[in-house]
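Results of the structural survey
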Amino acid sequence: MGFVLAAAGSAVGLGNIWKFPYITGVNGGGAFVLIYLACIVLVGLPVMVAEILLGRTTQKSPVGAFKALGGGFWVVFGWLGLLAGFVILSYYSVVAGWAMHYTYLALSGQIVELGPEGVKPIFGALFASTRLNLFWHLLFMVITVAVVSGGVKKGIERWARILMPALLGLMLILLVNAFTMDGFARAFDFVFGFHAESLTAAGVLEALGHAFFTLSIGMGAMLTYGSYLDRSDDIVSSAVMISILDTAIALLACMVLFPIIFTFGMEAGSGPGLVFVSIPIAMSQMPAGSFFAFVFFALLVFAALTSAISLLEVVASYMIDEKGWSRLKASVVSGVVVAIIGVPSALSGGTHIFGDGFASVFGMNWFDSFDYLASNWLLPLGGLGISLFTAWRVDDAIRHREFLEGSRLAVFYKGWLLVLKFLVPVAIVLVFLHAIGIV
Ligand code: PHE
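Now for a description of the structure that goes with this document. (Residues numbered from 1 in each chain as written. Predicted model: local features only at pLDDT ≥ 70, side-chain atom pairs only at ≥ 80, totals over all residues. Heavy atoms only, no water.)

What follows concerns the overall build of the protein. The secondary structure content of the protein amounts to 20 helices and zero strands. By the compact-globule yardstick of 22 Å for 439 residues, the protein fits well, its C-alpha radius of gyration being 21 Å. On the principal axes, the C-alpha backbone points of the protein span a range of 65 × 50 × 45 Å. Expressed as a percentage of the 439 residues in the protein, the buried residues total 60%. (Helix = DSSP H or I, 4+ residues; strand = E, 2+ residues; numbered from the N terminus. Rg over C-alpha atoms; globule rule 2.2 N^0.38 Å. Buried < 20%, exposed > 50% of the residue type's maximum accessible area, 1.4 Å probe, protein only.)

Below you can see the structure in the form of structure tokens.
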């Protein structure tokens, strides 16, 4: 139970409630959602099983796990995971900071006071404020480092037992509220209707990348958590449970947000501000709106924290295991590095600092470039390495024994292995080639 909670805490985060709805909006809805679901089932789930298995087998963090089971060239994928950890947490913390800012606004009653029209421009002002972004970004990093270094994790897990169901419960309440809105039918069609015409190659890459991001796979976070797992625990059922919960919350988030967006005539494709504009607008008109807004954003901060912990844990556990550092030193040093890398993302929406040329690496600002690089390329590449390694390099005797150990779903071994050997690598490579215009 401890593992499932921690792993679910890692998976469920900003990816589900902030990122998924906004990229669904940008990519035109239905067809994108379908591709995303296919990526979760056909690619994400098998890779998650592989990751947890590598961790439980070796009881090591990513670099150590690759070394222990084969070493050589494969260790590169451990390094890649570390890089992804640094990059993702650096901007993840900025977004978590936005959620903290809204928690503060709700707590001080400002959301209801301002009303729907007054609430709208808050996000733009926040996005443009270097001071606010930096302040919340650094505060969030301090909290994350404190948890990872102080062994408060057990306490966090205990809280997760209450707060995760609370998040789910609140989303259901908000769904009922959304159901009564004029925009519900349109939202339903947007999210679940198949609009093939809006799907692009970039959208397919993003769906694949997001499947990795939202399940916390491709960089060793699940591997690291798997290394704390007991031999008697059931890897496959845990992975299935985590994936279902994660997907349910992401879809719920869409069905909570889009009815608000359509009812209030907002742009579905407006980008990273989506949740931060739509939720306050809805809350500003609900009875006890300040209270609900506070609960929503506080839970979002908590969900972000349990994900951030797993990101920092990957980097810190490398330094602890491979460099022999103390937990305190490892988490403080990696936290400081992440905080610094995150500064450009925090500078008024991640645009300025090095001038336009440098800031627009992929024709995007710093913040978006980091997200694009890490989610769409580093994580799937890591997933490719993990699946090839597990399926082609790891000794079958070890792999088979580990899969069966504690498993109620042992019959899936052959199928899983086939998928990991062929389907997952081919799918990832095809999406890569398609994205760069070769296929
Ligand atoms: N899965 C987390 C989310 O959806 C983000 C994350 C990615 C956490 C990779 C750990 C590793 O918010």
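After that view of the structure, there is still more to cover.
As for its position among the elements, Phe302 is in helix α15 (residues 289–323). Using a relative accessible area of 13% as the deciding quantity, one classes Phe302 as buried. Considered as a pair, Phe302 and Pro380 are 78 residues apart in the sequence and their alpha carbons are 26 Å apart. Among all residues touching Phe302, those that are not within four sequence positions of it are Ile156, Trp159, Ala160 and Leu163. (Contact = heavy atoms within 4.5 Å.)

With respect to the helices and strands, Ala330 occurs in helix α16 (residues 327–346). The exposure class of Ala330 is buried, given its relative accessible area of 0%. Residues Ala330 and Val176, 154 residues apart in the sequence, show an inter-C-alpha distance of 45 Å. Aside from chain neighbours lying at most four places away, what touches Ala330 is Ala316, Met319, Ile320 and Trp325.

On to unusual backbone geometry. Backbone geometry at Gln59 places phi at a positive 55°, although glycine is not the residue there. With respect to the helices and strands, the residue Gln59 is situated in the loop between α3 (30–58) and α4 (62–69). Overall, Gln59 belongs to the partly exposed group, its relative accessible area being 43%. Not every positive phi belongs to a glycine, and Ala288 is a case in point at roughly 60°. Note on placement: Ala288 falls in the loop between α14 (274–283) and α15.

Let's shift gears to the site of the ligand. In the vicinity of the ligand, 15 residues are found, and the nearest of them are Ala11, Gly15, Tyr92, Phe213 and Ser216. Here an oxygen atom of the ligand and a backbone polar atom of Gly15 are 2.8 Å apart. Here an oxygen atom of the ligand and a side-chain polar atom of Asn16 are 3.4 Å apart. Residue assignment for the shell around the ligand shows that the elements contributing at least two residues are α1 (2–11), α2 (14–26), α11 (201–214) and α15. Classifying every residue of the shell around the ligand gives seven nonpolar, eight polar and no charged. (Near = heavy atom within 4 Å. Polar contact = N/O pair within 3.5 Å; in protein donor to acceptor, adjacent residues only side chain to side chain. Nonpolar A, V, L, I, M, F, W, Y, C, P; charged D, E, K, R; others polar.)

It is worth spelling out a nonpolar patch on the surface at this point. Together, Val426, Leu430, Ile436, Ile438 and Val439 line one region of the surface with nonpolar side chains, adding up to about 480 Å² of accessible area. With respect to the helices and strands, Val439 occurs in the segment after α20 (413–435). (Patch = residues over 30% accessible without salt bridge, like charges linked within 9 Å, V, L, I, M, F, W, Y side chains within 5 Å. Areas by Shrake-Rupley, 256 points an atom, 1.4 Å probe, with all protein chains shown as cover. Salt bridge = Lys/Arg side-chain N within 4 Å of Asp/Glu carboxyl O.)

Using the criterion set out here, one finds 37 aromatic pairs in the structure. Ring geometry for Tyr91 and Phe367: centres 5.9 Å apart, planes at 80°, overall edge-to-face. With Tyr91 in helix α5 (residues 75–107) and Phe367 in helix α18 (residues 366–393), this residue pair connects regions lying 276 residues apart in the sequence. The same class applies to Tyr91 as to Phe367, namely buried. When the ring centre of Trp325 is taken as origin, the NZ or CZ atom of Lys329, which lies over that ring, is 4.2 Å away. Seen from the ring of Trp392, Lys421 lies directly overhead, with NZ or CZ sitting 5.1 Å from the centre. (Phe/Tyr/Trp six-rings, centres within 6.5 Å; stacked < 30°, edge-to-face > 60°. Lys NZ or Arg CZ within 6 Å of the ring centre and 35° of its normal.)

In an α-helix, one turn spans 3.6 residues; hence positions three or four apart end up facing the same way. Buried within helix α10 (residues 184–192) we find Phe184, Ala187, Phe190 and Val191. Taken end-on, α10 shows its buried residues confined to a sector of 120°, consistent with a single buried face. Within α10, the exposed residues directed more than 90 degrees away from the buried face are Ala185 and Arg186. (Arc of directions from axis to C-beta.)

Take the state of the cysteines next. Taken as a whole and judged by the stated rule, the model has zero disulfides. Here Cys39 stays free of any disulfide, with the sulfur of Cys254 as its closest cysteine sulfur at 15 Å. (Disulfide = S-S within 2.5 Å.)

Once that is clear, we can look at the packing of α2 against helix α13 (residues 235–263). Packed helix pairs are specified by the crossing angle of their axes together with the interaxial distance, meaning the distance between the axes. Two elements in contact, α2 and α13, have axes whose closest approach is 9 Å; the angle formed by their N-to-C orientations is 60°. Relative to α13, α2 is oriented so that their crossing is right-handed. Each of Asn16, Ile17, Phe20, Pro21, Thr24 and Gly25 in α2 lies in contact with α13, whose residues at this interface are Asp246, Ile249, Ala250, Leu251, Ala253, Cys254, Leu257 and Phe258. Of the residues contributing to the contact of α2 with α13, the split by class is ten nonpolar, three polar and one charged. (Axes fitted to C-alpha atoms, helices over the stretch in contact; angles between N-to-C directions. Left-handed = near helix turned anticlockwise from the far one by under 90°.)

This paragraph deals with the side chain of Ser307. Tracing the chain through its elements places Ser307 in helix α15. Judged by its relative accessible area of 3%, Ser307 is buried. From its side chain, Ser307 meets the backbone oxygen of Gly9 in a polar contact 3.3 Å long. With residues near it in sequence (within four places) discarded, Ser307 still touches Gly9, Ser10, Val12, Gly13 and Tyr92.

This brings us to the nonpolar core. Counting 164 residues, the largest nonpolar core has Phe258, Phe276, Ile279 and Phe296 as its most contacted members. Not counting the four nearest positions on each side in its chain, Phe258 is found in contact with Pro21, Thr24, Gly25, Ala187, Phe190, Val191, Ala268 and Leu274. (Core = buried A, V, L, I, M, F, W, Y, C linked by side-chain atoms within 4.5 Å.)

What follows concerns the side chain of Ser149. Along the polypeptide, Ser149 turns up in helix α8 (residues 130–150). With a relative accessible area of 18%, Ser149 lands in the buried category. Those residues in contact with Ser149 that lie beyond four places of it in its chain are Arg327, Leu328 and Ser331.

Let's shift gears to the pattern of salt bridges. Inspection of every chain in the model, using the stated rule, returns nine salt bridges. As a salt-bridge pair, Arg408 and Asp234 come within 3.2 Å of each other at their nearest N and O atoms. Of the two residues, Arg408 is situated in the loop between α19 (396–404) and α20 and Asp234 in the loop between α12 (221–226) and α13; the sequence distance between them amounts to 174 residues. Overall, Asp234 belongs to the buried group, its relative accessible area being 8%. Each member of the salt-bridge network shares a partner with another, and the members are Arg56, Arg231, Arg401, Glu402 and Glu405.

Don't take any of this as a statement about function, it's just geometry.
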